[in-house]
Amino acid sequence: MSTSIAPLTQHPLWAALQAQALRLDEEGPSIAQLLRADPERAKRFSASAGGVFMDYSKHLLTEEILAQLLQLAEAAELPAAIDAMFTGEAVNNTEQRAALHVALRSPYANTPQERLAQDTLARMERFVAAVQSGEWTGHDGHRIRDVVNLGIGGSDLGPAMAYAALGAFHHEQVRCHFVSNVDPLHLECTLAKLNPATTLLVIASKTFTTLETMLNAKAARQWLLQGGVSEDQLHRHCVAVSANLAKAASFGIAPELVFPLWDWVGGRYSLWSAIGLPVALGTSMAHFRALLSGAHAMDEHFRHAPLERNLPTLLALLAFWYVDFWGAQSQVILPYAQPLHLFPAFLQQLDMESLGKQVRKDGAYLDTNSGAIVWGSAGTNGQHSFHQLLHQGTHLIPADFIAVAHSHSANREMHEQLLANCFAQSQALMNGKTPEQAEQELHKQGLSSAEAQALAPHKAIPGNRPSTTLVLDALTPSSLGALIALYEHKVFAHSVLLGINAFDQWGVELGKELSTNVYSAISAPEPCARFDASTNALINRVRHE
Ligand code: F6P
């Protein structure tokens, strides 16, 4: 696969697509008109894979535009890029690494990476069985009741999200907790409810150097010691997941208690590795394996389905279309499923750490926009908060709705209300309400013409706002795996369209470097005068004399 493909802005279709976007915006047809004009549109603009159904008919998109976007994907050599990722080429070119998270969920053992993954799964299986059966106990013989994952970023967001999403599959005896922030209150509030004798720490850090995790691990270790666990029994309460065995060992974790990770797995793509250990401990190994197989089904689809029916590719093209041709700056993620309430936060890291880049793989500055700002929260809560801006604000914000057909709750009425709200929101975004309609309604309510005219602009809703709706049949480990993999591959496909590296994250390093200097100033005995006036004043305000 070539690393120096010309930017898509140089492709003849770029200008054609710009003209199409302008025409659609100024002259229409609107999304609602497109749907009315074509009774087959909802059917044609939908696809499914791995148990995920995707309706993308409510978009500012025609057959012709989609065909042209697909041609751009071909011009960006997306099929070759997909192949390169799956076959372990160094697609992370700035670190000369493969990105083989797909090997972690492969059922085969054909490659060295697949074999390492299988061996680790077998180790996890034995450990999970021992903890869940009570064979693995704490220092005084009591079974483990609470697992505390100490990790941040990819070593926290994935497992925390998946554990929450799989609430219906939680183990009866083992509960999981996730501590990520270096704010000591995060750890202290979590540990305050727990008993050291029945608690297992999982120190999850690919590098085993991340400041937040190291400080949390040190403080949690102290909590164990103060709680009656002796040094020589710490191993019963503390395991690690890391690619850095030496650092884990110097922290005092024996090699047999370190579950491995490898440099070919990016942090934000690591849920499928032993980083998922808390998910397995808090549900079961069988559920964890089902999560992997759901993701694998999506991998197979991404690798083999033609681009025009390829869900991750379609999602990527839609994101690209709005960011680069409509000026959209953000993408809202709206799971209408409370168990998925952490999904937007997980996607923020996945998408923004992967696509928040200003240069292409060859080092040339992007002449397109990078990925969008990803945000959102669980519906229906957002409807009573930020949806106002989606409906009447001046920004174009494409929305991804995620619905679940069959709930784990027996309360059918409430679940159907949830679904109704989800579909009504996408309808409202699309249809809006014209000032004339608003005025008529106000008339009917008995307002005078003058009153109705004055109020109508406030009640009018522009509509024509695009959305995708994803529907899972049920929220199971397998469908969750497929959903996450769908977005992972969307991000990769989007990176290929932009020509950027989705697997590095150099931008986060500067803040880490500077915080070391700032920390030494905050903790120094004398007032700070070494930085800019603003930073000095802030430091001196919080310093303890
Ligand atoms: O600071 C960003 C980051 O490097 C993420 O990419 C990563 O997921 C996170 O920190 C945690 O890193 P580690 O697992 O090495 O502690």
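Each residue is numbered by its place in its chain's sequence as written, counting from 1. Totals for whole chains, interfaces and linings use every residue, but because this is a predicted model, local features are given only for residues with pLDDT of at least 70 and side-chain atom pairs only at 80 or more, for both listing and counting. Excluded from the side-chain calculation are hydrogens and water; included are all heavy atoms of the structure.

Peer 1: Looking at this model, I keep getting lost on the packing of helix α1 (residues 12–27) against helix α4 (residues 63–75). Mind explaining?
Peer 2: Two quantities define a packed helix pair, namely the angle between the axes and the distance from one axis to the other. Packing of α1 against α4 leaves a shortest axis separation of 10 Å and a crossing angle of 150°. When the interaxial angle is binned, α1 and α4 end up roughly antiparallel. Crossing geometry of α1 relative to α4 is assigned as left-handed. Contact with α1, carried on its side by L13, W14, A16, L17, Q20 and L24, involves E64, I65, Q68, L69, Q71 and L72 of α4 and no other residues of that element. Along the lines of polarity and charge, the residues of the contact of α1 with α4 split into 8 nonpolar, 3 polar and 1 charged. Axis definition: a line fitted to C-alpha atoms, over the contacting stretch in the case of helices. Angles run 0 to 180 degrees between N-to-C directions. A run of H or I in DSSP counts as a helix once it spans at least four residues, and a run of E counts as a strand once it spans at least two, with each numbered from the N terminus. Any angle between 65 and 115 degrees counts as roughly perpendicular, while under 35 counts as roughly parallel, over 145 as roughly antiparallel, and the rest as oblique. In this scheme, a crossing is called left-handed if the near helix is turned counterclockwise away from the far one by less than a right angle; it is called right-handed if the turn is clockwise. Contacts are assigned to residue pairs that have any heavy atoms within 4.5 Å of one another. Lys, Arg, Asp and Glu make up the charged group, whereas Ala, Val, Leu, Ile, Met, Phe, Trp, Tyr, Cys and Pro make up the nonpolar group; the residues left over, Gly among them, are polar.

Peer 1: Teacher, can you tell me more about the environment of W326 here?
Peer 2: Note that W326 resides in the loop between α14 (311–325) and β8 (330–336). Sequence-wise, W326 and P39 are 287 residues apart; in three dimensions their C-alpha atoms are separated by 26 Å. Setting aside residues up to four positions removed in sequence, W326 forms contacts with A21, L24, D25, L60, W321 and L396.

Peer 1: Could you clarify how one ought to interpret the nonpolar core in this entry?
Peer 2: It is characteristic of soluble globular proteins that their nonpolar side chains tend to be buried jointly. The definition of a nonpolar core used throughout is a set of buried Ala, Val, Leu, Ile, Met, Phe, Trp, Tyr and Cys residues joined through side-chain atoms within 4.5 Å. Exposure categories follow from relative accessible area, calculated using a 1.4 Å probe and restricted to protein chains: below 20% of the type maximum is buried, above 50% is exposed, and the middle band is partly exposed. I203, W321, F343, L480 and Y487 are the most contacted members of the largest nonpolar core, which has 151 residues in total. Per element, the largest residue contribution to this core is 13 residues, and it comes from helix α20 (residues 477–498). Core analysis: the second largest hydrophobic core is formed by 14 residues, L390, I397, A399 and L429 among them.

Peer 1: Got a minute to help me understand the sheet that holds strand β2 (residues 52–55) in this structure?
Peer 2: To summarise the sheet geometry, strands pair through backbone hydrogen bonds and adopt either a parallel or an antiparallel arrangement. Two strands make a pair as long as DSSP finds a minimum of two bridges between them. Here 6 strands make up an open sheet; going across it, the order is β1-β2-β11-β10-β8-β9 and the pairing mixed. A strand with exactly one partner marks an edge of an open sheet, and here the two such strands are β1 (46–49) and β9 (373–376). Across the sheet, the mean angle separating the axes of adjacent strands is 20° when strand polarity is ignored. Direction of pairing for strand β10 (residues 399–406) relative to strand β11 (residues 467–474): parallel, over a ladder of 7 bridges. Residue pairing in the sheet places H406 in a bridge with A474 of β11. Of the strands in this sheet, β2, β8, β10 and β11 touch α20, which is tilted by about 155° from β11.

Peer 1: I'm lost on the site of the ligand in this one. Help?
Peer 2: Contacts to the ligand come from 14 residues, most closely from G154, S155, S205, T207 and T210. Under the rule applied, a polar contact is a pair of N or O atoms within 3.5 Å (in protein, one hydrogen donor and one hydrogen acceptor; residues adjacent in sequence only if both atoms are side-chain atoms). Contacts to the ligand include T207, whose side-chain N or O atom sits 2.6 Å from an oxygen atom. Between an oxygen atom of the ligand and a side-chain N or O atom of T210, the distance comes to 2.5 Å. Note on areas: these come from Shrake-Rupley sampling with a 1.4 Å probe, and a residue is covered only by the protein chains present in the view. Protein contacts shield 88% of the accessible area of the ligand, which totals 390 Å² for the unbound molecule. Definition of nearness: a residue and a molecule or strand are near each other if at least one heavy atom of the residue lies within 4 Å of the molecule or strand.

Peer 1: Help me understand helix α8 (residues 157–165), please; the structure alone is not making it clear to me.
Peer 2: For an α-helix, 3.6 residues make a turn, and residues three or four places apart therefore share a direction. Counted residue by residue, α8 has 7 buried out of 9 residues, so it is predominantly covered. All of the buried residues along α8 are G158, P159, A160, M161, A162, Y163 and A165. Tucked inside the fold, the buried residues of α8 contact β4 (175–179), α12 (277–282), α15 (343–355) and α20.

Peer 1: Can you walk me through the pattern of salt bridges in this structure?
Peer 2: Any two side chains of opposite charge can pair, on the condition that their charged atoms come close. Salt bridges are counted wherever a side-chain nitrogen of Lys or Arg sits within 4 Å of a carboxyl oxygen of Asp or Glu. Tallied over the full model, the rule gives 17 salt bridges. Here E125 ties to R289 by a salt bridge, and the two come within 2.7 Å at their closest N and O atoms. Note that E125 is positioned in helix α7 (residues 112–133) and R289 in helix α13 (residues 285–304), a separation of 164 residues in sequence. Here R268 ties to E353 by a salt bridge, and the two come within 2.9 Å at their closest N and O atoms. Here R268, found in the loop between β7 (258–260) and α12, pairs with E353, found in helix α15; they are 85 residues apart in sequence, far enough to count as distant. Look at the salt bridges and you will find they share partners, linking D38, R44 and E63 into a network.

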